[in-house]
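# Per-entry structural report
Here's the letter readout for the chains.
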Amino acid sequence: MARAKCGGVAGARPCDGGSAARLQGVRILAFGAQLGLAQESAASAEREYAISHRAALRGDLAEAEVDARRQAMLDGSAKLRAVEKDLETARLELNRLLGLAPGIRIVLAAAEV
């Protein structure tokens, strides 16, 4: 049986348990960074929608403008949920690789380069 390539990259060397766990740790740190950005983006889009909605109620803004901001708010929320799901999946995979129960949270530190 062929072993999975490290990171799913063709031509890469097979992953041993430690390499796969390190790779998963890097993915978790990257998703964590993306999570902060996605949260800020979703909050900003929600604020913009609320402002434009109030302006439309006063008659200061066309409904098409409100619709565009509503779509941006929905897109931001969807992206946030996707990053949250990816982060949780990566954490569960790391726990699986390390033989830990799914409920255990591991605190990761970024590697010094």
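Residues numbered from 1 in each chain as written. Predicted model: local features only at pLDDT ≥ 70, side-chain atom pairs only at ≥ 80, totals over all residues. Heavy atoms only, no water.

### Quick word on the overall build of the protein chain
Selection criterion: Helix and strand definitions follow DSSP, with helices as H or I runs of at least four residues and strands as E runs of at least two, each counted in order from the N terminus. Only heavy atoms matter for contacts: two residues are in contact if any of them lie within 4.5 Å across the pair. Method for areas: the Shrake-Rupley scheme with a 1.4 Å probe, in which residue coverage is limited to the protein chains shown.
Of the regular secondary structure elements, the protein chain holds two helices and zero strands. Taking contacts inside the protein chain between residues at least 6 apart in sequence as the whole, the part at least 24 apart equals 48%. In the form shown here, the protein chain has an accessible surface area of approximately 7,900 Å², with 59% of it arising from carbon and sulfur atoms.

### Some words on the nonpolar core
As a rule of thumb, nonpolar side chains are buried together in soluble globular proteins. The cut-off we apply is this: In this description, a nonpolar core means a group of buried Ala, Val, Leu, Ile, Met, Phe, Trp, Tyr and Cys residues linked to one another through side-chain atoms lying within 4.5 Å. To sort residues, take the accessible area from a 1.4 Å probe on protein chains only and compare it with the maximum for the residue type: under 20% means buried, over 50% means exposed, and anything in between is partly exposed.
Among the nonpolar cores identified, the biggest contains eleven residues, and these are A21, I28, F31, L35, A38, A42, L80, V83, L87, A90 and L94. Secondary structure elements with two or more residues in this core: α1 (17–58) and α2 (63–98). In terms of residue count, α1 provides more of this core than any other element does, six residues in total. When neighbours within four sequence positions are excluded, A38 is seen to be in contact with L80 and V83.

### What about the pattern of salt bridges?
Pairs may arise between side chains of opposite charge once their charged atoms sit close together. The test is simple: Salt bridge criterion: a side-chain nitrogen from Lys or Arg within 4 Å of a carboxyl oxygen from Asp or Glu.
Evaluation of the coordinates by the stated rule reveals seven salt bridges. Because the salt bridges share partners, they merge into one network encompassing E48, E65 and R69.

### Details of a nonpolar patch on the surface
Defined as follows: Like charges are joined within 9 Å and nonpolar side chains (Val, Leu, Ile, Met, Phe, Trp, Tyr) within 5 Å, but only among residues with over 30% relative accessible area and no salt bridge; these make up the patches.
On the surface, a nonpolar cluster with roughly 300 Å² of combined accessible area is contributed by L98, L100, I104 and I106. Position of I104 relative to the elements: it lies in the segment after α2. Of the residues examined, I104 reaches a relative accessible area of 42% and is grouped as partly exposed.

### Describing empty space enclosed by the protein
The test is simple: In this analysis the probe radius is 1.4 Å and the grid spacing 1 Å, with only protein atoms considered; a cavity is a set of points the probe fits into but cannot get out of, a pocket is an open set with protein on both sides within 12 Å along at least five of seven lines, and lining residues have an atom within 4 Å of a point. Grid points are joined across faces, edges and corners, and a volume is the space filled by probe spheres set on the points. By the convention adopted, Pro, Cys, Tyr, Trp, Phe, Met, Ile, Leu, Val and Ala count as nonpolar, Lys, Arg, Asp and Glu as charged, and the other residues, Gly among them, as polar.
Taken as a whole, this structure holds one cavity of 30 Å³ or more when the rule is applied. A volume near 80 Å³ is recorded for the largest cavity. In terms of lining residues, the largest cavity is bounded by I28, E88, R91, L92, L94, N95, P102, I104, R105, I106 and L108. Examining the composition of the lining of the largest cavity, we find that five residues originate from one element, α2, more than from any other. Across the lining of the largest cavity, the residue classes break down as seven nonpolar, one polar and three charged.

### So, the environment of E48
Along the chain, the position of E48 falls in helix α1. By relative accessible area, E48 is classed as partly exposed at 40%. Residues E48 and V66, 18 residues apart in the sequence, show an inter-C-alpha distance of 9.1 Å.

### Some remarks on α2
Formally: Here the expected span of a helix is defined as 1.5 Å times the quantity of residues minus one.
The first and last C-alpha atoms of α2 sit 53 Å apart over 36 residues, in line with the 52 Å expected at 1.5 Å per residue. Considered for burial, the residues of α2 that qualify are V66, M73, G76, L80, V83, L87, A90, L94 and N95. The positive-phi residue at the C-terminal boundary of α2 is G99, with phi of around 75°.

### Quick notes on the side chain of Q24
Relative to the helices and strands, Q24 is located in helix α1. Take Q24: its relative accessible area is 8%, and that puts it in the buried class. Among residues more than four places away in sequence, those in contact with Q24 are A90, E93, L94 and L97.

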